[in-house]
Amino acid sequence: MKEIIKNILKLFLPPRCIKCGTVLGDDDGLCPECFNNLNFISEPYCQKCGRPFEEIKKQKKLICGKCLKEKQSPFRLSRSALIYDDASKDLILALKFMDKTENAKVMAKWLHIAGKDIWQEGVDVLIPVPLHYTRLLKRKYNQSALLSLELNKLIKKEVDLSSLVKHKKTKPQVQFSGKERIKNVKDAFMVKNPESIKGKRVVLIDDVMTTGSTLKECAKALKKAGAKSIDTLTVARVI
Ligand SMILES: [Zn+2]
Ligand SMILES: [Zn+2]
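Residues numbered from 1 in each chain as written. Chains lettered and ligands numbered in written order. Predicted model: local features only at pLDDT ≥ 70, side-chain atom pairs only at ≥ 80, totals over all residues. Heavy atoms only, no water.

Peer 1: Now, about unusual backbone geometry: what can you tell me, with residues and values included?
Peer 2: With omega at 10 degrees, the peptide bond leading from Glu 43 into Pro 44 counts as cis. Its location among the elements puts Pro 44 in the loop between helix H2 (32–37) and helix H3 (65–69). Phi is positive for Asp 99, close to 60 degrees, though the residue is something other than glycine. With respect to the helices and strands, Asp 99 occurs in the loop between helix H4 (86–97) and helix H5 (103–114). For Asp 187, which is not a glycine, the phi torsion comes out positive at approximately 55 degrees. Topologically, Asp 187 is positioned in the loop between helix H9 (178–185) and strand E5 (189–191). (Helix = DSSP H or I, 4+ residues; strand = E, 2+ residues; numbered from the N terminus.)

Peer 1: Before we move on, can you summarise the pairing of strand E1 (residues 78–83) with the specific residues and values?
Peer 2: By the criterion of burial, E1 is predominantly enclosed, with five of the six residues buried. Here E1 pairs with strand E7 (residues 229–237) via five bridges, running parallel. Paired with Arg 79 across the two strands is Leu 233, which belongs to E7. (Buried < 20%, exposed > 50% of the residue type's maximum accessible area, 1.4 Å probe, protein only. Pairing = 2+ DSSP bridges.)

Peer 1: Summarise H4; cite the residues concerned and give the values.
Peer 2: Over its twelve residues, H4 extends 16 Å from the first C-alpha to the last, a length consistent with the 16 Å expected when each residue adds 1.5 Å. Buried residues of H4: Ala 87, Ser 88, Leu 91, Ile 92, Ala 94 and Leu 95, and no others. Considered in projection along H4, the buried side chains sweep an arc of 155 degrees and stay on one side of the axis. Pointing more than 90 degrees away from the buried face of H4 are the exposed residues Asp 86 and Phe 97. Where H4 is buried, its residues meet H2, E1, H5, helix H8 (143–155), strand E6 (201–209) and E7. Of the residues one or two after H4, Asp 99 is the one with positive phi, at around 60 degrees. (Expected span 1.5 Å × (residues − 1). Arc of directions from axis to C-beta. Contact = heavy atoms within 4.5 Å.)

Peer 1: Tell me what's going on with the coordination of the zinc ion (ligand 2), and back it up with residues and numbers.
Peer 2: Six octahedral donors around a metal ideally subtend angles of 90 or 180 degrees, whereas four tetrahedral donors ideally subtend 109.5 degrees. Bound to the zinc ion (ligand 2) are the protein donor atoms Cys 46 (SG), Cys 49 (SG), Cys 64 (SG) and Cys 67 (SG), situated 2.2 to 2.4 Å from the metal. Here the zinc ion (ligand 2) binds four donor atoms, and the angle range of 102 to 116 degrees at the metal identifies the geometry as tetrahedral. Between the donor residues of the zinc ion (ligand 2), the gaps in sequence give the motif C-x2-C-x14-C-x2-C. (Donors = N, O, S within 2.8 Å, 3.2 Å for Na, K, Ca; no water. Tetrahedral: all angles 85-135°; square planar, octahedral: opposite > 155°, others 65-115°.)

Peer 1: Requested: an account of the nonpolar core, with residues and values cited.
Peer 2: Counting residues in hydrophobic clusters, the biggest one holds 35 residues, and the most contacted among them are Trp 110, Trp 119, Leu 126, Leu 151 and Leu 233. Contributions of two or more residues to this core are made by E1, H4, H5, helix H6 (116–121), H8, E6 and E7. Ranked by residues supplied to this core, first place goes to H5 with seven residues. With residues up to four places along the chain from it excluded, the contact list for Leu 126 reads Trp 119, Ser 148, Leu 151, Asn 152, Ile 155, Lys 157, Glu 158, Val 159, Asp 160, Val 203 and Ile 205. (Core = buried A, V, L, I, M, F, W, Y, C linked by side-chain atoms within 4.5 Å.)

Peer 1: If you had to explain the sheet that holds strand E2 (residues 125–128) to someone new, which residues and values would you point to?
Peer 2: Read from one edge to the other, the open sheet built from five strands follows the order E1-E7-E6-E2-E3, with strand pairing classed as parallel. Here the strands that pair on one side only, and so sit at the sheet edges, are E1 and strand E3 (158–159). Sitting on the sheet, helix H10 (residues 213–224) touches E2, E6 and E7, and the angle it makes with E6 is about 165 degrees. (Axes fitted to C-alpha atoms, helices over the stretch in contact; angles between N-to-C directions.)

Rendered as C-alpha coordinates:
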(Lines give C-alpha, C1' and ligand atoms only; values in the text may rest on other atoms or scores of the structure.)
(Ligands and ions follow the chains in the order given, each with its own letter.)
Protein backbone atom coordinates (compact mmCIF):
# COMPACT_ATOMS: atom_id res chain seq x y z
CA MET A 1 0.00 0.00 0.00
CA LYS A 2 2.77 2.38 1.00
CA GLU A 3 4.51 1.73 -2.33
CA ILE A 4 1.32 2.49 -4.28
CA ILE A 5 0.87 5.82 -2.49
CA LYS A 6 4.52 6.60 -3.10
CA ASN A 7 4.16 5.89 -6.82
CA ILE A 8 1.01 8.00 -7.11
CA LEU A 9 2.77 10.85 -5.33
CA LYS A 10 5.69 10.48 -7.72
CA LEU A 11 3.37 11.20 -10.67
CA PHE A 12 2.36 14.53 -9.19
CA LEU A 13 5.54 15.38 -7.31
CA PRO A 14 8.37 13.74 -9.25
CA PRO A 15 11.78 13.80 -7.54
CA ARG A 16 13.89 16.68 -8.75
CA CYS A 17 17.61 17.42 -8.82
CA ILE A 18 18.35 19.39 -5.63
CA LYS A 19 20.72 21.62 -7.59
CA CYS A 20 19.06 22.49 -10.92
CA GLY A 21 15.50 21.22 -10.47
CA THR A 22 15.53 18.77 -13.40
CA VAL A 23 12.93 16.02 -12.99
CA LEU A 24 14.64 12.74 -12.09
CA GLY A 25 13.68 9.15 -12.86
CA ASP A 26 14.57 8.02 -9.36
CA ASP A 27 15.24 9.68 -6.04
CA ASP A 28 19.01 10.01 -6.27
CA GLY A 29 19.07 13.69 -5.36
CA LEU A 30 21.12 15.00 -8.27
CA CYS A 31 20.87 14.76 -12.05
CA PRO A 32 23.88 13.12 -13.77
CA GLU A 33 25.24 16.47 -14.91
CA CYS A 34 25.18 18.12 -11.47
CA PHE A 35 26.54 14.92 -9.93
CA ASN A 36 29.49 14.92 -12.33
CA ASN A 37 30.34 18.50 -11.40
CA LEU A 38 30.98 17.50 -7.79
CA ASN A 39 34.44 16.38 -6.71
CA PHE A 40 34.04 13.46 -4.34
CA ILE A 41 37.07 12.60 -2.22
CA SER A 42 38.24 9.07 -2.87
CA GLU A 43 41.31 7.04 -2.00
CA PRO A 44 44.21 7.56 -1.81
CA TYR A 45 43.84 9.93 1.13
CA CYS A 46 45.63 10.43 4.45
CA GLN A 47 44.37 7.68 6.74
CA LYS A 48 44.24 10.12 9.63
CA CYS A 49 42.98 13.49 8.39
CA GLY A 50 41.38 12.34 5.12
CA ARG A 51 43.29 14.86 2.99
CA PRO A 52 43.37 13.48 -0.56
CA PHE A 53 46.75 12.70 -2.08
CA GLU A 54 47.46 13.57 -5.67
CA GLU A 55 48.87 10.87 -7.89
CA ILE A 56 50.25 8.62 -5.21
CA LYS A 57 50.10 4.91 -5.73
CA LYS A 58 47.49 3.28 -3.56
CA GLN A 59 49.13 2.10 -0.37
CA LYS A 60 47.70 1.06 2.92
CA LYS A 61 47.87 3.34 5.99
CA LEU A 62 49.33 6.35 4.24
CA ILE A 63 49.71 9.37 6.53
CA CYS A 64 50.29 12.89 5.20
CA GLY A 65 53.27 15.04 6.23
CA LYS A 66 51.05 17.42 8.19
CA CYS A 67 49.70 14.62 10.40
CA LEU A 68 53.19 13.15 10.93
CA LYS A 69 54.33 16.57 12.19
CA GLU A 70 51.24 17.44 14.18
CA LYS A 71 51.33 14.69 16.79
CA GLN A 72 48.70 16.10 19.14
CA SER A 73 45.77 16.48 16.75
CA PRO A 74 42.55 16.34 18.78
CA PHE A 75 40.91 14.13 16.14
CA ARG A 76 41.20 10.39 15.74
CA LEU A 77 39.99 10.48 12.12
CA SER A 78 38.64 13.19 9.83
CA ARG A 79 36.65 12.48 6.71
CA SER A 80 34.76 14.59 4.17
CA ALA A 81 32.62 13.59 1.22
CA LEU A 82 33.53 16.41 -1.15
CA ILE A 83 36.18 18.93 -2.00
CA TYR A 84 34.87 22.41 -1.26
CA ASP A 85 34.61 24.12 -4.64
CA ASP A 86 32.01 26.14 -6.56
CA ALA A 87 29.81 23.09 -7.18
CA SER A 88 29.69 21.86 -3.56
CA LYS A 89 29.56 25.42 -2.21
CA ASP A 90 26.24 26.09 -3.99
CA LEU A 91 24.60 23.03 -2.42
CA ILE A 92 25.93 23.82 1.04
CA LEU A 93 24.95 27.49 0.98
CA ALA A 94 21.47 26.49 -0.20
CA LEU A 95 21.12 24.16 2.80
CA LYS A 96 22.53 26.73 5.20
CA PHE A 97 20.82 29.95 4.17
CA MET A 98 18.06 29.23 1.67
CA ASP A 99 15.92 26.74 3.57
CA LYS A 100 16.80 23.94 1.13
CA THR A 101 16.60 21.49 4.02
CA GLU A 102 15.92 18.57 1.67
CA ASN A 103 19.59 18.78 0.67
CA ALA A 104 20.46 17.30 4.08
CA LYS A 105 18.90 13.97 3.15
CA VAL A 106 21.06 13.60 0.03
CA MET A 107 24.20 14.84 1.80
CA ALA A 108 23.66 12.37 4.66
CA LYS A 109 23.97 9.54 2.12
CA TRP A 110 27.36 10.94 1.12
CA LEU A 111 28.41 11.31 4.77
CA HIS A 112 27.43 7.70 5.34
CA ILE A 113 29.80 6.58 2.58
CA ALA A 114 32.62 9.03 3.43
CA GLY A 115 32.53 7.92 7.08
CA LYS A 116 33.18 4.23 6.40
CA ASP A 117 36.54 4.23 8.21
CA ILE A 118 34.96 6.00 11.17
CA TRP A 119 32.09 3.49 11.48
CA GLN A 120 34.69 0.74 11.33
CA GLU A 121 36.69 2.24 14.23
CA GLY A 122 33.54 2.42 16.31
CA VAL A 123 31.25 5.27 17.29
CA ASP A 124 28.88 5.99 20.18
CA VAL A 125 27.32 9.33 19.38
CA LEU A 126 26.91 11.93 16.60
CA ILE A 127 27.20 15.55 17.69
CA PRO A 128 26.53 18.44 15.28
CA VAL A 129 28.60 21.60 15.64
CA PRO A 130 26.16 23.82 17.55
CA LEU A 131 25.08 27.37 16.71
CA HIS A 132 24.82 30.14 19.28
CA TYR A 133 21.14 30.37 20.29
CA THR A 134 20.79 33.86 18.80
CA ARG A 135 21.96 32.57 15.41
CA LEU A 136 19.66 29.55 15.71
CA LEU A 137 16.68 31.85 16.33
CA LYS A 138 17.54 33.85 13.24
CA ARG A 139 18.16 30.88 10.95
CA LYS A 140 15.43 28.67 12.48
CA TYR A 141 17.48 25.49 12.09
CA ASN A 142 21.02 24.23 12.44
CA GLN A 143 22.13 22.67 9.16
CA SER A 144 24.60 20.38 10.96
CA ALA A 145 21.84 19.08 13.24
CA LEU A 146 19.72 18.29 10.18
CA LEU A 147 22.65 16.38 8.66
CA SER A 148 23.12 14.43 11.92
CA LEU A 149 19.44 13.51 12.15
CA GLU A 150 19.39 12.29 8.54
CA LEU A 151 22.61 10.36 9.12
CA ASN A 152 21.10 8.76 12.22
CA LYS A 153 18.46 7.15 9.97
CA LEU A 154 21.22 5.46 7.96
CA ILE A 155 23.78 4.55 10.62
CA LYS A 156 21.50 4.18 13.67
CA LYS A 157 23.79 6.06 16.04
CA GLU A 158 22.45 8.30 18.76
CA VAL A 159 22.41 12.05 18.02
CA ASP A 160 23.15 14.35 20.95
CA LEU A 161 21.76 17.83 20.26
CA SER A 162 22.04 19.25 23.75
CA SER A 163 25.33 18.41 25.49
CA LEU A 164 27.68 20.55 23.38
CA VAL A 165 26.68 24.22 23.33
CA LYS A 166 28.11 27.35 21.82
CA HIS A 167 28.01 29.75 24.73
CA LYS A 168 30.06 32.54 23.17
CA LYS A 169 28.73 34.54 20.27
CA THR A 170 31.35 34.75 17.51
CA LYS A 171 31.63 36.59 14.23
CA PRO A 172 31.16 34.54 11.03
CA GLN A 173 34.44 32.73 10.36
CA VAL A 174 34.28 33.49 6.64
CA GLN A 175 35.63 37.02 7.11
CA PHE A 176 38.78 35.77 8.86
CA SER A 177 41.80 33.74 7.92
CA GLY A 178 44.18 31.44 9.82
CA LYS A 179 45.11 32.86 13.21
CA GLU A 180 42.11 35.20 13.37
CA ARG A 181 39.80 32.22 12.95
CA ILE A 182 41.42 30.48 15.91
CA LYS A 183 41.06 33.61 18.03
CA ASN A 184 37.45 34.21 16.96
CA VAL A 185 36.18 30.81 18.17
CA LYS A 186 38.49 30.42 21.18
CA ASP A 187 36.59 28.99 24.16
CA ALA A 188 33.29 29.43 22.32
CA PHE A 189 32.01 25.93 23.17
CA MET A 190 31.28 24.06 26.36
CA VAL A 191 29.72 20.77 27.43
CA LYS A 192 26.67 21.29 29.63
CA ASN A 193 26.50 17.82 31.12
CA PRO A 194 29.94 16.14 31.04
CA GLU A 195 28.58 12.88 32.46
CA SER A 196 26.74 12.21 29.18
CA ILE A 197 29.96 12.60 27.16
CA LYS A 198 32.42 10.83 29.45
CA GLY A 199 33.99 7.74 27.83
CA LYS A 200 32.09 8.22 24.54
CA ARG A 201 33.47 7.96 21.01
CA VAL A 202 32.10 11.11 19.40
CA VAL A 203 31.73 12.06 15.73
CA LEU A 204 31.47 15.81 15.16
CA ILE A 205 29.23 16.60 12.18
CA ASP A 206 29.47 19.82 10.18
CA ASP A 207 28.89 21.11 6.67
CA VAL A 208 32.37 22.42 5.85
CA MET A 209 35.84 22.02 7.32
CA THR A 210 37.94 25.04 6.40
CA THR A 211 40.95 25.39 8.72
CA GLY A 212 39.40 23.14 11.33
CA SER A 213 39.54 25.76 14.09
CA THR A 214 35.83 25.51 14.95
CA LEU A 215 35.97 21.71 15.06
CA LYS A 216 39.12 21.87 17.21
CA GLU A 217 37.42 24.13 19.73
CA CYS A 218 34.48 21.70 19.89
CA ALA A 219 36.96 18.86 20.41
CA LYS A 220 38.62 20.78 23.24
CA ALA A 221 35.33 21.06 25.12
CA LEU A 222 34.47 17.41 24.47
CA LYS A 223 37.91 16.20 25.59
CA LYS A 224 37.56 18.25 28.78
CA ALA A 225 34.26 16.48 29.39
CA GLY A 226 36.03 13.12 29.07
CA ALA A 227 35.20 12.01 25.51
CA LYS A 228 37.18 8.88 24.63
CA SER A 229 37.79 9.86 20.99
CA ILE A 230 36.65 12.51 18.54
CA ASP A 231 36.29 12.11 14.78
CA THR A 232 35.07 14.72 12.31
CA LEU A 233 32.76 14.11 9.39
CA THR A 234 31.91 16.98 7.06
CA VAL A 235 30.12 17.29 3.75
CA ALA A 236 33.03 19.19 2.22
CA ARG A 237 36.51 20.39 3.07
CA VAL A 238 38.78 23.10 1.82
CA ILE A 239 41.94 21.61 0.32
ZN1 LIG B 1 20.92 18.95 -11.79
ZN1 LIG C 1 46.86 13.80 7.29
